[in-house]
Amino acid sequence: MNKIGVFCASSDRMQQVYYDEAVRFARWIGETGHTLVYGGSRCGMMETIAQTAKQSGATVYGIVPRKVMMADMVSDSIDVTIHTDRLSDRKEFLINESDVMVVMPGSVGTLDEAFTAIASHTFGEHGKTIIFFNINGFWNKLFELFQQLEQEGVVNKPLVEFVRKADTLEQLIGIIEQL
């Protein structure tokens, strides 16, 4: 698992614990020789992860939609830039370029990326694991919903086969290392 795709917030208004854990995770990515694949923005947690991973020795792939480029919001921490026309193209490249996907705390865009990865796995387009980094219990309610979906019988492929939750950085690293 060399290329680690990260979906996360572009917000800089989150609780400090989320940025602190993002720094710890990004350091591990760089120090262990992994490659970071992310959305290419220089905002919020996205920039925190990119800068820290780069400073820690990682190669950083930025998947940059035209709108991010036109707004001059592209990170300076990117080694390899892949330009896309639309946000939907960015999701496709993020999934295709990554060996595993980690979902950090985030908002609607992060959920959109995560659900696209989950749906495309269910549809058989890839066989990659999606790991939700559940910092401070951030994703607990989502996993309750996943459980309800399975109980209601609307999930055709058990999510537990490829969607994981890590409550700590150590759990996250353990899952990645077992893949």
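Structure first, text after, so check above.
The structure displayed is predicted, hence computed values, not measured ones. Per chain, residue numbering runs from 1 following the sequence as it is written. Local features in this predicted model are restricted to residues of pLDDT 70 or higher, and side-chain atom pairs are both shown and tallied only at a pLDDT of 80 or more, whereas totals for entire chains, interfaces and linings draw on every residue. By convention in this description, side-chain values take in all heavy atoms of the structure and omit both hydrogens and water.

**Description of the layout of surface pockets**
Just so we agree on the cut-off: Grid points spaced at 1 Å over the protein atoms alone were grouped into cavities, where a 1.4 Å probe fits but cannot get out, and pockets, open sets with protein on both sides within 12 Å along at least five of seven lines, with lining residues defined by an atom within 4 Å of a point. Grid points are joined across faces, edges and corners, and a volume is the space filled by probe spheres set on the points. Starting at the N terminus, helices and strands are each numbered in turn, a helix being any DSSP run of H or I of at least four residues and a strand any DSSP run of E of at least two. Each residue is assigned to one of three groups, with Ala, Val, Leu, Ile, Met, Phe, Trp, Tyr, Cys and Pro labelled nonpolar, Asp, Glu, Lys and Arg labelled charged, and all others, Gly among them, labelled polar.
Roughly 510 Å³ of volume is contained in the largest pocket. Secondary structure elements with two or more residues in the lining of the largest pocket: strand S1 (3-7), helix H3 (66-70), helix H4 (87-97) and helix H5 (108-122). Here the element with the most residues in the lining of the largest pocket is H5; it accounts for 4 residues. Tallied by class, the residues present in the lining of the largest pocket amount to 14 nonpolar, 8 polar and 7 charged.

**Focus on the packing of aromatic side chains**
Threshold: Stacked, tilted and edge-to-face are the three classes applied to pairs of Phe, Tyr and Trp rings, where Trp contributes its six-membered ring and a pair requires centres within 6.5 Å; stacked means planes under 30 degrees apart, edge-to-face means over 60, and tilted covers the rest. Burial classes: relative accessible area under 20% of the type maximum marks a residue as buried, over 50% as exposed, and values in between as partly exposed (1.4 Å probe, protein chains only). The rule is short: NZ of Lys or CZ of Arg within 6 Å of the ring centre and within 35 degrees of the ring normal puts a charge over the ring.
As enumerated under the stated definition, the model contains 9 aromatic pairs in all. Measuring from centroid to centroid gives 5.3 Å for Phe 132 and Trp 139, while their planes differ by 75°, and the two rings are edge-to-face. For the pair Phe 132 and Trp 139, one class covers both residues: buried. Seen from their ring centres, Phe 143 and Phe 146 are 5.2 Å apart, and the 75° between their planes marks the pair as edge-to-face. Of the two residues, Phe 143 and Phe 146 are both situated in helix H6 (residues 140-151); the distance of 3 residues between them amounts to about one turn of the helix. For Phe 146, a relative accessible area of 6% corresponds to the buried category. Linked through ring pairs, Tyr 18, Phe 115, Phe 132, Phe 138, Trp 139, Phe 143 and Phe 146 together constitute an aromatic cluster. Residue placement shows Lys 165 over the ring face of Phe 143; its charged tip is 5.5 Å from the ring centre.

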